[in-house]
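Fold and contact review
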Amino acid sequence: MSGVIVTGPPRASAQDVQALAGYGVATVHEAMGRTGLLGTGLRPIQQGTRVAGTAVTVLSWPGDNLMIHAAVEQCGEGDLLVVTTTSPSTDGMFGELFATALQRRGVRGLVTNAGIRDTAELRAMGFPAWAAAVSPQGTVKATGGSVNVPVAIGGQMVRPGDVILADDDGVVCVPREQARRTAEASEARERKEAASRAAFQEGQLGLDRYGLRETLERLGVRYTSHEEYLRSGERA
């Protein structure tokens, strides 16, 4: 497998990344029209952490972390490393030493649909990571791959310079051209949710606030007493 290392790709602006960092993955996903999620297989090794950064992408051979070493050189302040493999792999391709090098360069975290290890050390040093597997299985450094090319994780394309947002719920990718308007849409969604939250705290029902009684009626869902339900012989 040959490859390419692309230098200096365009990145979303630091201001837009910072704006998106103020919102949760679920909010941003909804604000983009329920798009952008990197699947449900990526889980955090820590809890209560939210990070946002610009993607530096890595395409590696399974069980081979050579291209992660190559990617470190391409990483800078505010980036977030995104690693995938040419076929499924759960080997521990990333650990404490990589995190030490990346943290020194201002990288904000790791997202991979392969495996990681040294998770206790990563938590202790405050380097957040999201992965598909945790495994102590070692890797080799023998096969070429690519850095800063478009990759796919969970059916979602990630390009270098796109915004990656990750928290306890998962990971979402915001195309760099959409970063500003997605931040604005996320702010609007949070204002709407704040109003709904206040209404629910006062006792209003979602059925009424969202006009869902009309939806139930249109779908033919009816109300009946328990006695009538038993007499009718219906079963849910």
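Details of the structure are given in the entry above.
The paragraphs below set out a description of the structure included in this document. (Residues numbered from 1 in each chain as written. Predicted model: local features only at pLDDT ≥ 70, side-chain atom pairs only at ≥ 80, totals over all residues. Heavy atoms only, no water.)

Its identity as a non-glycine residue notwithstanding, Asp118 has a phi of 60°, on the positive side. By the secondary structure assignment, Asp118 is in the loop between strand S5 (110-116) and helix H5 (119-124). Backbone geometry places Asn148, a non-glycine residue, at a positive phi of 65°. Tracing the sequence through the fold places Asn148 in the loop between strand S7 (146-147) and strand S8 (151-153). The buried category is assigned to Asn148, whose relative accessible area is 3%. (Helix = DSSP H or I, 4+ residues; strand = E, 2+ residues; numbered from the N terminus. Buried < 20%, exposed > 50% of the residue type's maximum accessible area, 1.4 Å probe, protein only.)

Our next topic: the nonpolar core. Ranked by size, the top nonpolar core spans 25 residues in total, and within it Leu81 and Phe94 carry the most contacts. Broken down by element, the residue count for this core peaks at 5 residues, all from helix H3 (residues 66-72). Those residues within four positions of Leu81 in sequence are excluded, and the remaining contacts are Val56, Val58, Ile68, Ala71, Cys75, Phe94, Leu102, Val107, Gly109, Leu110 and Val111. By size, the runner-up hydrophobic cluster in this structure holds 16 residues, among which are Leu38, Trp130, Ile153 and Val158. (Core = buried A, V, L, I, M, F, W, Y, C linked by side-chain atoms within 4.5 Å. Contact = heavy atoms within 4.5 Å.)

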